[in-house]
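Here are the chains, one letter per residue:
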Amino acid sequence: MSQSHKILINTLSLYIKIIINSFVILFSTRIVLEELGVDSFGLYNLIAGVITLLSFFTGALTVSAQRFLSIAIGENNMIKVKKIFNLSLVVHFILALIVVFIFKIVQPFLFNGFLKINEQDMNNAIRVYDIMIVSSAITIFVIPFTSVINAREEMWFSSISDIVSICFKFFAAFILYYVIDEKLLVYTYFMLLSVIIGSIINIIWCRIRYLECRIDLNKRDFDKPLFKEMFGFAGWNSLGSLAVVMRNQGANVVLNVFFGTVVNTAYGIANQLNALVTTFAVTLITVFTPMITKAQGADNQERMLFVSVFSSKLSFFLSSLVSIPILLYTNFILSIWLKEFPEYTLSFCNSIIVTFLIMQLYPGITRAIYASGKIKWYQIIISIMLMANIPIGYLLFKNSYPPISIFYTMIIAQFLTLVITLFFAKMIVQLDIRKFVIESIMKPCLIFVSLYSLGLILNFFLDINEIFKFSIVITLIGVLYSFLFYIFVFNLNEKELFLNLYKSLRNKILKNDKKYN
């Protein structure tokens, strides 16, 4: 299979998953909010945030395992691939047990005054917490299997298993209509089942499909230097993941301490809406990350930088294309989606989307730094920058500033992180900062601001039905934005890649037509 064909298949399958997931988020969030109520929904998001906060290294471990697998595959060293998988399996099993232990240790501290939870909800809150611990442990243990699927660039299968899990999550929301008591607990148990089902599917597939997933825990084959290198990389990467989680979920906890679970509900809704914006871009980076890492393994610096820059442009394009209509019509969308929503939801949504749009300007560059393995000082500095948001937010709230103030500091910290990332990319992977800033930051942002401004003008002057206005404006802005982005942002080599993807799709369609005619 050609590289263009592989990108096409993976991208299409992942976007089908995204579309299904988006519909599930839109409908299930409304159902869950209506059936659980504002307080229980906020409680669920609060505890989920705490669990995410404490299991910060899950994402770091995934990136670490996938990096080493992709490097070994790029080197065409299958013995090393199998060794890395088995080491990862042992490490993740141990870490899953450690996570359960840590969660239980901190439980009394969390539920004896730190978290702001009503007394009548305390027992349910603790039970939800315990269920989520099990879910986190399962997720950590399955990381080596999902990393192999990604490293092998067969995201189409992970899309299938995720779709099964997503559909089960929708069922979890739908069944609340028929549950009379303990709705929060029932919903949490069904969410756990969705994790178990997705995990079992991935494990079975890997055992059947990939030779390196044959478990071999022979002590004589234990590679101590490799184990140390993997753990070192995962350790520093975990620091960066902790910073991101502290920035996101730490804000959720601080908001709870000062303002209660109703504000947590607003924050949870804002994150759900933001997920629709970022999922397209994050999924895209999943497709390109193995290519970046394999290019590093094959010592092909030019290709690594090309894929890194191209994926960053494409990531921002997809995120901004979805975010413009949401930023223009946040209140309209929330009113249709949820009918009623808590105070601050509107401002939270807009602030979080702006923060993540800044992040989507450079995800490929971050992956290039990860691929090099030289991440120690990069992770230390950006971690300090991102985590500073929490104590600053705490001080602001202590001095009677409104809830939205913590999101302003979040935006500033994310911009400074962008600057730091470009500086390290120049030192580590020889990125041309001036060229990147002009072609991948200034041009896209100028087009984005121009089209967003045009949308505001059209929205102000068009005096027609709100639904018709929404349809006309987002269609016009979307088409014009896509055209300008393609003409002025993507260079000739990147446009050629698009052409190859188009030819691959066309040939696939023609081949199927001949087959069935």
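These numbers come from a predicted model, not from an experiment.

This paragraph deals with the overall build of the protein. The helix and strand inventory of the protein stands at 18 helices and zero strands. Taken across its 517 residues, the protein has 53% of its residues classed as buried. Taking all contacts inside the protein whose residues are at least 6 apart in sequence as the whole, residues at least 24 apart take part in 84%.

Another point: unusual backbone geometry. Across residues other than glycine, the phi torsion is negative in most instances, and most of the peptide bonds are trans. For Tyr 344, which is not glycine, the phi dihedral falls at a positive 80 degrees. Within the chain, Ser 400 stands out as a residue other than glycine whose phi angle is a positive 70 degrees. On the secondary structure map, Ser 400 appears in the loop between helix 14 (389-398) and helix 15 (405-429).

Angle between the axes and distance between the axes are the two parameters that describe a pair of packed helices. Two elements in contact, helix 9 (residues 301-328) and helix 12 (residues 363-372), have axes separated by 6 Å at closest approach and are oriented at 150 degrees. When the interaxial angle is binned, helix 9 and helix 12 end up roughly antiparallel. Residues Met 304, Ser 308, Val 309, Ser 311, Ser 312 and Ser 315 of helix 9 form the contact with helix 12, whose participating residues are Pro 363, Gly 364, Ile 365, Ala 368 and Ala 371. For the contact of helix 9 with helix 12, the residue count by class is six nonpolar, five polar and no charged.

Moving on: a nonpolar patch on the surface. On the surface, Val 90, Phe 93, Ile 94, Leu 97, Ile 98, Phe 101, Ile 102 and Ile 105 cluster together to form a nonpolar patch covering roughly 750 Å² of accessible area. Relative to the assigned elements, Phe 93 resides in helix 3 (residues 78-114).

The next thing to look at is the packing of aromatic side chains. Here the structure, examined in full by the defined rule, presents 35 aromatic pairs. Ring centres 5.3 Å apart and planes at 75 degrees place the aromatic pair Phe 85 and Phe 145 in the edge-to-face group. Here Phe 145 lies in helix 4 (residues 122-151) and Phe 85 lies in helix 3, a separation of 60 residues in the sequence. Considered together, Phe 85 and Phe 145 belong to a single accessibility category, that of buried residues.

We now examine the pattern of salt bridges. Scanning the model with the defined rule gives four salt bridges in all. Here Lys 104 and Asp 130 are joined by a salt bridge, their closest N and O atoms 2.9 Å apart. Of the two residues, Lys 104 sits in helix 3 while Asp 130 sits in helix 4, which places them 26 residues apart along the sequence. Accessibility expressed as a relative area gives 40% for Lys 104, which makes it partly exposed. Close ionic contact of Arg 209 with Glu 154 constitutes a salt bridge, the shortest N to O distance being 2.5 Å. On the criterion of sequence distance, the pair formed by Arg 209 in helix 6 (residues 183-209) and Glu 154 in the loop between helix 4 and helix 5 (155-174) is long-range, its members being 55 residues apart. Owing to a relative accessible area of 12%, Glu 154 belongs among the buried residues under this scheme.

Moving on: the environment of Met 427. Here Met 427 shows up in helix 15. Residue class for Met 427 comes out partly exposed when judged on its relative accessible area of 47%. For the pair Met 427 and Ile 369, spaced 58 residues apart in the sequence, the C-alpha separation amounts to 9.7 Å.

Here we come to the side chain of Ser 311. Among the structural elements, Ser 311 can be located in helix 9. When its relative accessible area of 0% is taken as the criterion, Ser 311 is described as buried. Once you skip the residues sitting within four places of it in the chain, Ser 311 turns out to touch Leu 284, Ile 285, Phe 288, Ile 292 and Gly 364.

The end-to-end C-alpha distance of helix 13 (residues 376-387), which contains twelve residues, comes to 17 Å, matching closely the 16 Å that a straight helix rising 1.5 Å per residue would cover. Every buried residue of helix 13 is listed here: Tyr 378, Gln 379, Ile 380, Ile 382, Ser 383 and Leu 386. Among the structural elements, helix 7 (224-259), helix 12, helix 14 and helix 15 are those in contact with the buried residues of helix 13.

The next thing to look at is the nonpolar core. Counting 125 residues, the largest nonpolar core has Phe 348, Phe 407, Leu 431 and Tyr 481 as the members making the most contacts within it. Setting aside its immediate chain neighbours within four residues, Phe 348 contacts Leu 255, Val 263, Ala 266, Tyr 267, Ala 270, Pro 403, Ile 404 and Phe 407. Membership of the second largest hydrophobic core comes to 14 residues, among which are Phe 103, Leu 110, Tyr 129 and Ile 140.

Parameters and conventions
Residues numbered from 1 in each chain as written. Predicted model: local features only at pLDDT ≥ 70, side-chain atom pairs only at ≥ 80, totals over all residues. Heavy atoms only, no water. Helix = DSSP H or I, 4+ residues; strand = E, 2+ residues; numbered from the N terminus. Buried < 20%, exposed > 50% of the residue type's maximum accessible area, 1.4 Å probe, protein only. Contact = heavy atoms within 4.5 Å. Axes fitted to C-alpha atoms, helices over the stretch in contact; angles between N-to-C directions. Parallel < 35°, antiparallel > 145°, perpendicular 65-115°, else oblique. Nonpolar A, V, L, I, M, F, W, Y, C, P; charged D, E, K, R; others polar. Patch = residues over 30% accessible without salt bridge, like charges linked within 9 Å, V, L, I, M, F, W, Y side chains within 5 Å. Areas by Shrake-Rupley, 256 points an atom, 1.4 Å probe, with all protein chains shown as cover. Salt bridge = Lys/Arg side-chain N within 4 Å of Asp/Glu carboxyl O. Phe/Tyr/Trp six-rings, centres within 6.5 Å; stacked < 30°, edge-to-face > 60°. Expected span 1.5 Å × (residues − 1). Core = buried A, V, L, I, M, F, W, Y, C linked by side-chain atoms within 4.5 Å.

Function cannot be inferred from these measures alone, as they are strictly geometric.
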